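Notes for the structure review
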Amino acid sequence: MESLSPIAAGGLGSLAAGMMTAVGAVPLLFFRKAGVQTQSALLGFAAGVMLAASFFSLIIPGVDVLQAGGASQAAAAGVMGAAVLIGATVIGLMNRFAPVDMLAIGPAGSRDLSRRIWLFIIAITLHNFPEGAAVGVSFGGGDMHQGLSTALGIGIQNMPEGLAVSAAMATLGYGRWPAFAAALASGLVEPVGGLIGASVVDLLPGALPWGLGLAAGAMIYVVTAEIIPETREKSKGEGSMIGLMIGLVGMMFLDIALG
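Residues numbered from 1 in each chain as written. Predicted model: local features only at pLDDT ≥ 70, side-chain atom pairs only at ≥ 80, totals over all residues. Heavy atoms only, no water.

Applicable threshold: UniProt positions are given in the numbering used here, feature names are shortened, and annotations may be inferred rather than shown by experiment.
Per an unreviewed UniProt entry, the protein chain is named ZIP family metal transporter, and its organism is Brevundimonas vesicularis. The protein chain has a UniProt comment under Sequence similarities (unreviewed entry) that states "Belongs to the ZIP transporter (TC 2.A.5) family." Its UniProt record, at the heading Subcellular location (unreviewed entry), says of the protein chain: "Cell membrane".

Structure follows, in structure tokens:
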């Protein structure tokens, strides 16, 4: 990538990172149709992954970017807090007023369950956009080594996110390949974010933290208001909570270990 322009490198790096969602979805290609308890555990796992990603992949990096730009710790916390609240509010209003029920299609028997899971998938896809922008920004600054490191870290983190999307689609009753395709599609927004991030890094350096915070707020809202209550209602045992804790701790470990 040394010979590429920062914008081209940012686009290719974020594309590679986004494609890792498909790698994460590969295990679902070998699963048989899951029962109710397995579905609850998979959704719990997905919820745990995204809760951890909201804080360790989005909020904390956003604070770091703000502080690197000269903001005080209190100011950085305030900006990220505002962004998280706005993101949650937007998804909450969308949930209440937008025709999200139009997305409640597919083999699942419960239209309400379909609506909740589609909201979850939308929120995951939304969260991938600023992650791609983060990769683009890393390359856009001209430091290829930093860009490669960021792309590698986000790419590895995208693997459990791809599994989360495919698991959610499997819960809706879709087959293995449609679930795999959905995971792949959710990651393909990252190169869009990467190209934009690399292009505007010099013009709007303050935009990235807001994007990270908005995505975090949207994800936290959907997971806590929609997915966790659904998994607790459907699960007769503690399978959903075990899945949630495994997903949360696993994603937390990856985020911290990869820096």
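Considerations on the overall build of the protein chain
Stated formally: We count a stretch as a helix when DSSP gives it H or I for four or more residues in a row; a strand needs E for two or more, and each element gets its number in order from the N terminus. Per-residue accessibility, obtained with a 1.4 Å probe over protein chains only, is compared with the maximum for each type, and a residue is labelled buried under 20%, exposed over 50%, and partly exposed between these values. Contact criterion: two residues are considered in contact whenever any of their non-hydrogen atoms come within 4.5 Å of each other.
A count of helical and extended segments in the protein chain gives 9 helices and 0 strands. The linear arrangement of helices and strands in the protein chain, starting from the amino end, is α-α-α-α-α-α-α-α-α. The 259 residues of the protein chain split such that 48% are buried. In the protein chain, of all internal contacts separated by at least 6 residues, the share reaching a separation of at least 24 is 83%.

Here we look at the nonpolar core
We count it as follows: Only buried Ala, Val, Leu, Ile, Met, Phe, Trp, Tyr and Cys residues count toward a nonpolar core, and they belong to the same one when joined by side-chain atoms within 4.5 Å.
Residues Met50 and Phe120 are the most contacted members of the largest nonpolar core, which totals 38 residues. If you list the elements that add at least two residues to this core, you get helix H1 (6-25), helix H2 (36-68), helix H4 (111-140), helix H5 (144-172), helix H6 (176-187), helix H8 (207-234) and helix H9 (239-258). When residues in this core are grouped by element, the largest group, 9 residues, is from H2. Residues within four places of Met50 in sequence aside, it is in contact with Phe120, Ile124, His127, Glu161, Met219 and Val223. Grouped together as the second largest cluster of nonpolar side chains are 21 residues, Ala76, Met80, Ala133 and Leu212 included.

Brief notes about the packing of aromatic side chains
Worth spelling out the cut-off: Pairing of aromatic rings covers Phe, Tyr and the six-membered ring of Trp, with a centre-to-centre limit of 6.5 Å; geometry is then stacked below 30 degrees between planes, edge-to-face above 60, and tilted otherwise.
Scanning the model with the defined rule gives 1 aromatic pair in all. Considering the side-chain rings of Trp177 and Phe180, the 5.7 Å spacing of their centres and the 75 degrees angle between planes classify their relative orientation as edge-to-face. With Trp177 and Phe180 both in helix H6, this residue pair falls 3 residues apart, about one helical turn. Residue classification places Phe180 among the buried positions, given a relative accessible area of 18%.

Re H6
Note the threshold: Every helix has an expected span of 1.5 Å times one less than the residues it contains. An arc is given here, and it is the one of the directions from the helix axis to the C-beta atoms.
In this model, H6 (12 residues) spans 17 Å end to end at C-alpha, consistent with the 16 Å of a helix rising 1.5 Å per residue. For H6, every residue scored as buried is listed here: Ala179, Phe180, Ala182, Ala183, Ser186 and Gly187. Viewed end-on, H6 has its buried residues packed into an arc of 160 degrees, placing them on one side of the element.

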